[in-house]
Amino acid sequence: MVEHRVCIRCVMDTTATEISFDDEGVCSFCRRFDDKVLPVLEYAETDQCRVELERVADTIRSSGSGKPYDCVLGLSGGVDSAYLACVAVDLGLRPLVIHVDTGWNTATTVDNIERLTKQLGVPLHLVTIEWDEMRDLQLAFYKASVRNCEIPYDHAFYASLYRVAASQKIPYILLGGNLATESVLPASWGHGALDLRYIKSIYSRFGTQGTLRQYPTISFWQHYFYYPIIKGIRQVRLLNYLNYNKARAMEELKERCGWEDYGSKHHEAVSTRFFQCYYLPTKFGIDKRKAHLSSLILSGQMSREEALEELIEEVKEEVANKL
């Protein structure tokens, strides 16, 4: 049995099986951050990066000349994607905002999305996933006892964004993913959300229908060849061009749009709260807050002491009834 160890710099530990420690007790996630991520975050604070951001925005604006929209913006309902919408509007972009409703939204999420899009004056396109099939797929993942039962939502989100972008002939997709708050994410804790063969394999064995009919999918070929090369659709993560601070972003969202806080990262969906707060810790001993908080520690947005205190909820009944 592997001895339990915790990094002396962040809060990552040996529940991430790929972790290693140097002689000082600093983990491999921290060292990777210093080598790969920190230079990007430091560059984001420079005038040169600001010029590059303006150049990227100008390219996106030019691509939409004569069209109603110049980009598709994926709005999950979380802080990162909501703040991204503000950034896009401030840069003079004309996004078609896409929200994928898988049936797990909280009332707060719905209100936040409505207030945000109304305040920013941007159009909202709602993609609603057929609930019976979504429920069956979600249950199939839990029956399979795999580590990432959020794949059904994540996959539908990306597939829907590409479908809308292709149908509207929009070449840019804006995503809220960023290095400042998401630099630490152990591969051993999950599985790639875009692995369609994996999804189909689980559903064929544990689903009740055997074949997905209405659920939106994106294949390896579509993701890496058809959409980017044939259709010319590109992903852009604008927050990596900014000195992005989550706490400041939340305050701006509250002042600008009447935003309500969910309490923790990705808790805008009931299913995600259950998955991260109960399923993973209970079944696998995995607490994803450690990765989220470690990202904030390394980017200077939180102290290790604050993170440890936050680590010292449960939504089983609500999710069990819905499933």
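Up top is the structure these notes are about.
This text gives an overview of the structure that appears in the document. Everything numeric in this text was worked out from a predicted model, so none of it was measured.

## Looking at the environment of Ser28
Along the chain, Ser28 turns up in helix H1 (residues 28-43). According to the relative accessible area criterion, Ser28 is partly exposed, its value standing at 25%. Each C-alpha atom of the pair Ser28 and Cys7 lies 9.0 Å from the other, and the pair is 21 residues apart in sequence. For Ser28, the contacting residues outside a window of four places in its chain are Glu18, Ile19 and Ser20.

## Concerning the packing of helix H3 (residues 79-90) against helix H10 (residues 246-257)
Axis separation between H3 and H10 bottoms out at 10 Å; the angle between their running directions is 70 degrees. Between H3 and H10, the crossing angle belongs to the class labelled roughly perpendicular. Relative to H10, the crossing made by H3 is left-handed. Along its contact with H3, which presents Val79, Ala82, Tyr83, Cys86 and Asp90, the element H10 presents Lys246, Ala249, Met250, Glu252, Leu253 and Arg256. Residue composition of the contact of H3 with H10, grouped by class: seven nonpolar, no polar and four charged.

## Considering the pairing of strand S2 (residues 95-101)
Along S2, seven of the seven residues are buried, which leaves the element largely enclosed by surrounding structure. On S2, burial covers both faces: Pro95, Val97, His99 and Asp101 on one face and Leu96, Ile98 and Val100 on the other are all buried. Handedness of the crossover is the feature at issue here: the chain leaves strand S1 (residues 71-74), passes through H3, returns alongside S2, and the resulting connection is right-handed. Pairing between S2 and strand S3 (residues 124-128): five bridges, direction parallel. Each bridged residue has a counterpart across the sheet, and for Val100 the counterpart in S3 is Val127. The parallel pair S2 and S3, bridged by helix H4 (residues 107-120), forms a crossover whose chirality is right-handed.

Reading guide: rules and limits
- Residues numbered from 1 in each chain as written.
- Predicted model: local features only at pLDDT ≥ 70, side-chain atom pairs only at ≥ 80, totals over all residues.
- Heavy atoms only, no water.
- Helix = DSSP H or I, 4+ residues; strand = E, 2+ residues; numbered from the N terminus.
- Buried < 20%, exposed > 50% of the residue type's maximum accessible area, 1.4 Å probe, protein only.
- Contact = heavy atoms within 4.5 Å.
- Axes fitted to C-alpha atoms, helices over the stretch in contact; angles between N-to-C directions.
- Parallel < 35°, antiparallel > 145°, perpendicular 65-115°, else oblique.
- Left-handed = near helix turned anticlockwise from the far one by under 90°.
- Nonpolar A, V, L, I, M, F, W, Y, C, P; charged D, E, K, R; others polar.
- Right-handed = clockwise from strand over helix to strand, strands pointing away.
- Pairing = 2+ DSSP bridges.

In short, shape yes, function no, at least from these values alone.
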